[in-house]
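Report on the structure
Spelled out, the chains give:
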Amino acid sequence: MINQALHTLDLLCWLLGMGERVRATLSNLTLRGVIEVEDTAFAAFKAHVPYTFFATNAAGASLPVEISLRMEGGTHLLLLPLSVQIDGEVVFRDEDSGEVVKACYGVSHVRLIRDFHRAAANGTHFPIDGKEAAKVVRMILAMYRSRGEEIEV
């Protein structure tokens, strides 16, 4: 969670709000003896908008980050690393990002780092400070504490 899936959970937190309560299960299902941490995580967050989260680094193939949101009226919003779909129709595609990156990661890291450098050079505020970053860390620590029970974040 803390290494591989942190950014995806942070994005969910930004889109849907910080979880207030969580029930989570983290385990090492297939990579025992290979890694010392969990390889799979599942969490159900209670927030203003409840949401679930699943992450694994134990897949047999490269899986892109995918955020799938079902809206109250049934609309399906799908956020992929280089595109956005609404009800199966591509409404945005980043075909010419000018960046050389793995498609499964998208271009966000490169752009975010560039924005940070620009803010530092110009002496302007960068919106992701320690206080903002601590939110997702608190959510992850609560996932670890949960052990399958619903707890407060």
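Quantities reported herein were computed from a predicted structural model and do not represent experimental measurements.

Under the defined criterion, the tally for this structure stands at two aromatic pairs. Plain terms: the ring middles of Phe 116 and Phe 126 are 5.3 Å apart, the flat faces sit at 85° to each other, and that makes the pair edge-to-face. You can see Phe 116 sitting in helix α2 (residues 108–122) and its partner Phe 126 sitting in the loop between α2 and α3 (130–146), a full 10 residues away along the chain. On the basis of relative accessible area, Phe 126 is assigned to the buried category, the value being 16%.

Further remarks concern the sheet that holds strand β6 (residues 83–86). A sheet is described by the order of its strands in space; here four strands give the open sequence β4-β5-β6-β7, paired in antiparallel fashion. If you trace the sheet from one side to the other, it starts and ends with β4 (67–70) and β7 (89–93), each paired once. Strand-to-strand twist of the sheet, defined as the mean angle between neighbouring strand axes without regard to direction, takes the value 15°. Sheet topology places strand β5 (residues 76–80) next to β6; four bridges connect them, and they run antiparallel. The partner of Leu 79 across the bridge, within β6, is Val 84.

Okay, α3 next. Here α3 is 17 residues long and its end C-alpha atoms lie 24 Å apart, about the 24 Å a rise of 1.5 Å per residue gives. If you check which residues of α3 are buried, you get Val 136, Met 139, Ile 140, Ala 142, Met 143 and Ser 146. Tucked inside the fold, the buried residues of α3 contact α1 (6–16), β1 (21–27), β2 (40–46), β3 (51–56) and β8 (150–152). One or two positions beyond α3, positive phi appears at Arg 147, with a value near 50°.

This part covers the pairing of β2. Bridge count between β1 and β2: seven bridges; the pairing is antiparallel. Directly across from Val 22, in β2, lies its bridge partner Phe 45. Inspection of the sheet shows β2 paired to β3 by six bridges, in the antiparallel sense. Bridge pairing links Ala 44 to Thr 52 in β3. With antiparallel pairing between neighbouring strands as the criterion, β2 and β3 make up a hairpin whose turn holds four residues.

Pairing in this open sheet of four strands is antiparallel, and the strands run β3-β2-β1-β8 from one edge to the other. A strand with exactly one partner marks an edge of an open sheet, and here the two such strands are β3 and β8. Between one strand axis and the next, the sheet turns through 25° on average, direction left out of account. In this fold α1 packs onto β2 and β3, with an angle of close to 165° to the strand it touches most, β3.

Next up on the list: the confidence of the model for the chain. In the predicted model, the chain carries a mean pLDDT of 89, and 92% of its residues have values of at least 70. Predicted confidence in the chain is weakest over α2, with a mean pLDDT of 87, and strongest over β8, with 98.

What follows deals with the side chain of Ser 83. Looking at the element boundaries, Ser 83 is found in strand β6. The class for Ser 83 is buried, based on a relative accessible area of 9%. The residues contacting Ser 83, other than those within four sequence positions of it, are Leu 78, Phe 92 and Arg 93.

Turning to the pairing of β7, a few remarks are in order. For β6 and β7, the ladder comprises four bridges, and the chain directions are antiparallel. Paired with Ser 83 across the bridge in β7 is Arg 93. Hairpin connection, β6 to β7: the antiparallel pair is bridged by two residues, and Asp 87 has positive phi, about 50°.

The rules behind each value
- Residues numbered from 1 in each chain as written.
- Predicted model: local features only at pLDDT ≥ 70, side-chain atom pairs only at ≥ 80, totals over all residues.
- Heavy atoms only, no water.
- Phe/Tyr/Trp six-rings, centres within 6.5 Å; stacked < 30°, edge-to-face > 60°.
- Helix = DSSP H or I, 4+ residues; strand = E, 2+ residues; numbered from the N terminus.
- Buried < 20%, exposed > 50% of the residue type's maximum accessible area, 1.4 Å probe, protein only.
- Pairing = 2+ DSSP bridges.
- Axes fitted to C-alpha atoms, helices over the stretch in contact; angles between N-to-C directions.
- Expected span 1.5 Å × (residues − 1).
- Contact = heavy atoms within 4.5 Å.
- pLDDT = per-residue confidence, 0-100.

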